[in-house]
Amino acid sequence: MPGILDKYPDLKVRAICHPNRDMEGERAAGTEQFGHISVVLAIKTQNQKELVKDIFDIRKYVNEYLSKRKIISTKIHVVEPDYQEVRINLLIASKKVDLKNSVQNAVEEFLDPITGGEDKNGWTPGRNLYLSDIYHLVEEIPGVDHVIQAELDAPELKADQLIKLKELIVEVES
């Protein structure tokens, strides 16, 4: 969309394409819809509250752009991600009490739908989050001795869903 980077210079976008899916229509949940392509736009900026006002226009612009370049019989659907919220509560053992921010940043980066995941290309749609992921991530942080306790509230994901960190509580015990 022309001018969008002037308004949001730190804008990050990830497009995930789902062929043979109409993710706009509820009738299509879980079924193939031949001739349809759904494009999920995960969009992030520091000014997320302001961006909410422009999301509809961004989706409309992308839809129009793709519609001009598609095969005639194809139907394009540009949608927002279906996020499932996760909550994490961690108790970490460390000699460094100021490690809390490092752990929080590492977990937030790992779970980011646009730049997170193991390969830093965004969280894989439909990939569930497990406690073992959190243990592995946190125990690799320099200064962390070990994870004393970890609680994870994360739903089972459908194939096209992404996770979104709702709450992260980190306590460090020395």
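About the criteria used
- Each chain has its residues counted from 1, following the order in which its sequence is written.
- Residues qualify for local features only when their pLDDT is at least 70, as the model is predicted, and side-chain atom pairs are given and counted only at 80 or more; totals for whole chains, interfaces and linings, by contrast, use all residues.
- With hydrogens and water stripped out, all remaining heavy atoms of the structure feed into the side-chain values.
- At least two DSSP bridges between two strands are required for those strands to pair.
- Numbered from the N terminus, helices here are DSSP runs of H or I no shorter than four residues, and strands are runs of E no shorter than two.
- Note on geometry: axes are C-alpha line fits, over the in-contact stretch for helices, and angles between N-to-C directions span 0 to 180 degrees.
- In this analysis, two residues are considered to be in contact whenever any of their non-hydrogen atoms come within 4.5 Å of each other.

Details of the sheet that holds strand S6 (residues 162-173)
Each strand in a sheet pairs with its neighbour through backbone hydrogen bonds, running either in the same direction (parallel) or in the opposite one (antiparallel).
Line of reasoning, step 1. One open sheet accounts for 3 strands, arranged S5-S4-S6; its pairing is mixed. Looking at which strands have only one partner, the edges of the open sheet turn out to be strand S5 (144-153) and S6. The mean inter-strand angle of the sheet, taken between neighbouring strand axes irrespective of direction, is 25°.
Line of reasoning, step 2. Relative to S5, strand S4 (residues 83-94) runs antiparallel, the two being bridged by 8 bridges. Residue pairing across strands places Leu91 opposite Gln149, the latter belonging to S5.
Line of reasoning, step 3. Helix H4 (residues 100-111) contacts S4, S5 and S6 of the sheet and is inclined by roughly 165° relative to S6.
Line of reasoning, step 4. In the packing of helix H5 (residues 131-139) onto the sheet, the strands contacted are S4 and S5, and the crossing angle to S5 comes to about 155°.

What to know about the sheet that holds strand S1 (residues 12-19)
Line of reasoning, step 1. In space, the 3 strands of this open sheet follow the order S1-S2-S3, with mixed pairing throughout. Where the open sheet ends on each side, the last strands, each with one partner, are S1 and strand S3 (75-79). Put simply, the sheet's adjacent strands are angled 20° from each other on average, direction ignored.
Line of reasoning, step 2. Across 5 bridges, the pairing between strand S2 (residues 36-44) and S3 is parallel. By the bridge assignment for S3, Ile37 is matched with Ile76.

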